[in-house]
Amino acid sequence: MSETPVPRDPGRDENPPDVPAGPGDRPRLGSPDWRLVPQSPDWDPAYLAAMAGDADPGDPDEYEDPDNAPPPGLEDAELEALLAEAREESAAQARAAGEAARFGHTAVLAAVAAEVTGRRGPGMPGSGQSFAGEDPSPAAGFASGKPLDVAPPGAVLGSFLEGAAGADDQYVGVSDDELVGVICAWDRQEAYASSRKHAAVAEFIRRRPAVGAALTSLTQLPEGWHEFAGRELGAVLGIAERDAEAVLGLAWHLEVNLPGTRAAFHAGTVNQDKARSSRGRPPSWTPLRLAPPRR
């Protein structure tokens with residue numbers, strides 16, 4: 001035991017540099033006497049040696065995120081000028097929006113702009129133009145022409161929509177342009193979910209065929225569903241039987257007669273109302289619900 005007093009702040013439990021280790025001391029990490037000691041007899045010595053020989057990865061802050069890296073070939077001064085231009089553009093847009101709000105023209109100008117640009121989404125004219133600027137909003141990706149404004153519906157888009165909504169769906173810090181992009185994205189999500197639901201209803205029809213109904217050649221759907229299928233589906237969905245019959249009819253036509261509409265419905269290009277109106281009322285409606293054969 002050392003007879004010297006213990007310092008008030010001994011620091012880490014290791015010898016300072018150039019001080020030899022004592023009998024009970026452990027060698028410092030990286031010193032010549034340091035080595036890995038297996039804690040289990042089945043540890044692989046070669047694996048331990050490889051771990052000990054790994055180089056220091058360095059400071060993680062020195063690595064750039066490839067998704068957020070500046071454009072290639074830009075010097076620091078050029079990059080700073082580009083960022084300053086984006087900030088100025090954002091400030092100009094904010095000033096213009098403030099003037100429109102002061103005169104009560106926000107809704108009028110927005111309606112005119114929406115009429116001119118058209119619908120937004122993948123392949124739509126309203127998403128063909130991207131406006132310069134710098135925006136730290138959580139919904140920045142939904143602005144005109146940005147990646148989420150032209151993204152197809154699905155689980156990935158849904159996760160970004162949840163993040164953009166923020167607490168209690170208040171969309172704090174989201175601009176009008178971004179909010180409209182969010183609404184259009186939710187519309188695609190709604191159509192996508194509805195298309196998947198109707199695909200499941202089509203499978204339900206396969207399992208509830210009308211008595212004696214033949215199968216269609218391509219989709220293997222029966223030419224009609226059982227007379228009690230609408231009552232069953234209406235009960236589980238909590239809707240009237242006639243409304244359930246309409247769901248069954250749309251699902252059947254999407255599979256059998258309207259493959260193009262079915263694909264557009266799934267992609268979010270058309271919503272449920274448009275898918276239903278494209279079906280129309282076919283002349284062969286009555287055979288879709290066949291009655292049991294008389295004996």
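Reading guide: rules and limits
Residues numbered from 1 in each chain as written. Predicted model: local features only at pLDDT ≥ 70, side-chain atom pairs only at ≥ 80, totals over all residues. Heavy atoms only, no water. Helix = DSSP H or I, 4+ residues; strand = E, 2+ residues; numbered from the N terminus. Buried < 20%, exposed > 50% of the residue type's maximum accessible area, 1.4 Å probe, protein only. Contact = heavy atoms within 4.5 Å. Salt bridge = Lys/Arg side-chain N within 4 Å of Asp/Glu carboxyl O. Axes fitted to C-alpha atoms, helices over the stretch in contact; angles between N-to-C directions. Parallel < 35°, antiparallel > 145°, perpendicular 65-115°, else oblique. Arc of directions from axis to C-beta. pLDDT = per-residue confidence, 0-100. Patch = residues over 30% accessible without salt bridge, like charges linked within 9 Å, V, L, I, M, F, W, Y side chains within 5 Å. Areas by Shrake-Rupley, 256 points an atom, 1.4 Å probe, with all protein chains shown as cover. Expected span 1.5 Å × (residues − 1).

Turning our attention to the overall build of the protein chain. Helix and strand counts for the protein chain stand at nine helices and zero strands. Moving toward the C terminus, one meets the helices and strands of the protein chain in the order α-α-α-α-α-α-α-α-α. With 295 residues in all, the protein chain has 25% of them scored as buried. Counting only contacts in the protein chain whose residues sit at least 6 apart along the sequence, the fraction spanning at least 24 positions is 54%.

Our next topic: the pattern of salt bridges. Side chains that carry opposite charge are capable of pairing whenever their charged atoms lie near each other. Applying the stated criterion to the full structure yields eight salt bridges. With its nearest N and O atoms 3.9 Å apart, the salt bridge here joins R119 to D187. One end of the pair, R119, is in the loop between α3 (106-117) and α4 (155-165); the other, D187, is in helix α5 (residues 176-207), and 68 residues separate them in sequence. With relative accessibility at 26%, the residue D187 sits in the partly exposed group. Note that D273 and R276 form a salt bridge whose closest N and O atoms lie 3.3 Å from each other. Of this pair, D273 and R276 both sit in helix α9 (residues 272-279), three residues apart, which is roughly one turn of the helix.

It is worth spelling out unusual backbone geometry at this point. If you check the backbone angles, D168 has positive phi at about 60° while not being a glycine. Position of D168 among the secondary structure elements: in the loop between α4 and α5. Here Y171, not a glycine, exhibits a phi torsion of approximately 50°, which is positive. Note on placement: Y171 falls in the loop between α4 and α5.

Between helix α6 (residues 229-237) and helix α7 (residues 241-256), whose axes approach to 8 Å, the crossing angle comes to 105°. On the basis of their axis angle, the class for α6 and α7 is roughly perpendicular. Facing α6, whose interface residues are A229, G230, R231, L233 and G234, α7 presents E241, A244, E245, V247 and L248.

Right, let's get into α6. For α6, the complete set of buried residues consists of A229, G230, L233 and G234. Seen from one end, α6 has its buried residues packed into an arc of 125°, which puts them on one side. Set apart from the buried face of α6 by more than 90 degrees, the exposed residues are R231, A235 and V236. Each element contacted by the buried residues of α6 is listed here: α5 and α7. Of the residues flanking the end of α6, it is G238, one or two places downstream, whose phi is positive at about 75°.

Moving on to the side chain of T216. On the secondary structure map, T216 appears in the loop between α5 and α6. By relative accessible area, which is 12% here, T216 ends up buried. Discounting chain neighbours no more than four positions away, the residues touching T216 are L221, E223, W252 and V256.

By the element assignment, E223 lies in the loop between α5 and α6. For E223, a relative accessible area of 37% puts it in the partly exposed group. Along the backbone, E223 and W252 are 29 residues apart, and their C-alpha atoms lie at a distance of 8.8 Å.

Taken residue by residue, the protein chain gives an average pLDDT of 74. The fraction at 70 or more is 56%. Within the model, pLDDT remains below 50 along residues 9-14, and this stretch shows one contact once partners closer than five positions in the same chain are excluded. Predicted confidence is poor over residues 281-295, with pLDDT under 50, and the contacts of this stretch with residues over four places away or in other chains come to 22 contacts.

Further remarks concern a nonpolar patch on the surface. Side chains of V108, V112 and V116 sit close together on the surface and give an oily, nonpolar patch of about 290 Å² of accessible area. The exposure class assigned to V112 is partly exposed, which follows from its relative accessible area of 47%.

Next up on the list: the side chain of R120. In this fold, R120 is placed in the loop between α3 and α4. We classify R120 as buried; its relative accessible area is 8%. Filtering out sequence-adjacent residues up to four positions away, R120 remains in contact with G126, S127, F142, A143, S144, D149, D177, V180, G181, C184 and R188.

In this model, α7 (16 residues) spans 22 Å end to end at C-alpha, consistent with the 22 Å of a helix rising 1.5 Å per residue. Taken as a whole, α7 has its buried residues at A244, E245, V247, L248, G249, L250, A251, W252, H253, L254 and E255.

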